[in-house]
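Coordinate analysis (summary)
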Amino acid sequence: MREKEQGVALVLVLLIFSIMTVLSARLVTDVQHNAARITRYTQNLQARHYAMGAEQFAAVLLEEDVAQDRSTQRLVDHLHESWALPQPQFETESGDIELVILDDQGRFNLNMLADPADKRRKEALQMLVRLLDAQGLDVRLAYRIQDWVDGDQIALTSGAEDAVYIHSSPPHRTADTALASVSELRLMDVLSPEEFERLLPLVSVLPTSDGININTASADVLRALSRRISQGDAESFVDGRGKAGFSRTRDALRHPALSGRVASSVADHLGVTSRFFSVYIKARYQDSVYYLHSRLARTATGQVTVIARETGSFPRWVRTRQGPEG
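In this report, we go over the structure that sits alongside the text.

Calculation rules
- Residues numbered from 1 in each chain as written.
- Predicted model: local features only at pLDDT ≥ 70, side-chain atom pairs only at ≥ 80, totals over all residues.
- Heavy atoms only, no water.
- 1 Å grid on protein atoms, 1.4 Å probe; cavity = no way out; pocket = protein on both sides within 12 Å on 5 of 7 lines; lining within 4 Å.
- Points joined across faces, edges and corners; volume = space filled by probe spheres on them.
- Nonpolar A, V, L, I, M, F, W, Y, C, P; charged D, E, K, R; others polar.
- Salt bridge = Lys/Arg side-chain N within 4 Å of Asp/Glu carboxyl O.
- Helix = DSSP H or I, 4+ residues; strand = E, 2+ residues; numbered from the N terminus.
- Buried < 20%, exposed > 50% of the residue type's maximum accessible area, 1.4 Å probe, protein only.
- Lys, Arg positive; Asp, Glu negative; His and termini not counted.
- Contact = heavy atoms within 4.5 Å.

This part is about the layout of surface pockets. Quantified by volume, the largest pocket comes out at close to 620 Å³. Lining the largest pocket are 31 residues, with Leu 200, Tyr 280, His 293, Glu 310 and Pro 315 sitting closest to its centre. Looking at side-chain class alone, the lining of the largest pocket contains 15 nonpolar, eight polar and eight charged residues. Its boundaries defined by the atoms lining it, the second largest pocket holds a volume of some 200 Å³. Looking at the second largest pocket, the residues that line it are Val 66, Asp 69, Arg 70, Leu 75, Val 76, Asp 77, Thr 273, Ser 274, Arg 275, Arg 298, Thr 299 and Ala 300.

Tallying each qualifying case throughout the model produces 17 salt bridges. Between Asp 118 and Arg 121 there is a salt bridge, and its shortest N-O distance comes to 2.6 Å. In this pair, Asp 118 and Arg 121 both sit in helix H2 (residues 118-134), three residues apart, roughly one turn of the helix. Overall, the relative accessible area of 38% leaves Asp 118 in the partly exposed class. Between Glu 197 and Arg 186 there is a salt bridge, with its nearest N and O atoms 4.0 Å apart.

On the secondary structure map, Glu 184 appears in the loop between helix H4 (162-165) and helix H5 (193-199). At 8.8 Å, Arg 295 is the nearest oppositely charged side chain to Glu 184, a buried residue that forms no salt bridge. Those residues in contact with Glu 184, other than ones at most four positions away along the chain, are Trp 148, Ala 175 and Leu 179.

Laid out in C-alpha cells, this is it:
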C-alpha cells in the first residue's frame, strides 16, 4: 500500500513539475512577445516623430519661399524654387527620411466644379471634359462629378444622381457638396482601378475652388485649357517656362504655344501662385517605416497650416512628378 502511495505521489510531483515547466515557458514567451511589441511600438513612434519633423521642415521651406518672394517683390511659385526641387535623403540616428513636396494647384482641382459662380463652374466642367478626353478616359466622369457636388437631384446628360447610385453595390447617394477626397471618384462607377490610377497624378481636391498654377501644371493638365492645345504645344510651353516662371498669367498666355488658344473665361481659372501643397514623407527608424501624406495650406503672409494627414505608402506616381519638367 505504501508503494502505491509513493507511486501516486511521484506522479503528482511529475505532473506539477510538468505544469510548472509549461507555465514557465509560456511566461517566458509572453515576456518575449511583449518586449517585441514594445520595441516595435517604440520604433514606430520614433519613425512617426521623424515624419512629423519632416512635415515641419516642408512648412518652413514654404514659409521661406513667401519671405523670399516678398523681398524680391515677385510673388510667384514655380518648379525651380527650393521647395519644389528634389530634396536630399536625410540621415538620422538609426534611420533616414525622404520627402517630396508637390503643388496641389499644379493639378486640376476637381472642386472647381463646385464653384458657386455658374459661369466658372460650367467652364471648369468643360476643362475637365477636355482633360479626360485627351487622356483617353471616359468623359462621363466629368458630368458625374458635377452631379455629385451640386445640391440638386437633376441629373445632367451623362451624369448620375441618387436614383442611379442606390442600385449600386453597395447602395449609396451623391454627396451634394464639394469633394473631400479623390477616392470619392471610385463611387461614381465610371473608371476602372487602372484608369483611376492613371488619373490620380492629374487631379487634386482642394477645400476651395482655387484654379491651376500655370507655372507648375504638367503638359497633360495644360491640355485641359483648350482643344487647340496639342501635346506638343503643352510640352513646348512647359519647356519655355524657364527657371523663373511667369509672374503674370497674361504673359504666360502670350507664349507661342498658348497664344490665341485659351479663352478669357478659361484664363480666369489660372494663376501664377499656389496656396495648397502636398508633402509625401517616408521615415525609417531601425526596422520601422512610417509613411505620411500631409496636405498644407499657405496664407498670403506665408503662414503654413496642416489641413489633413493620412498614412500609407507613396503613390507610385509621386516621385515622377517631383522637380522641374523640361
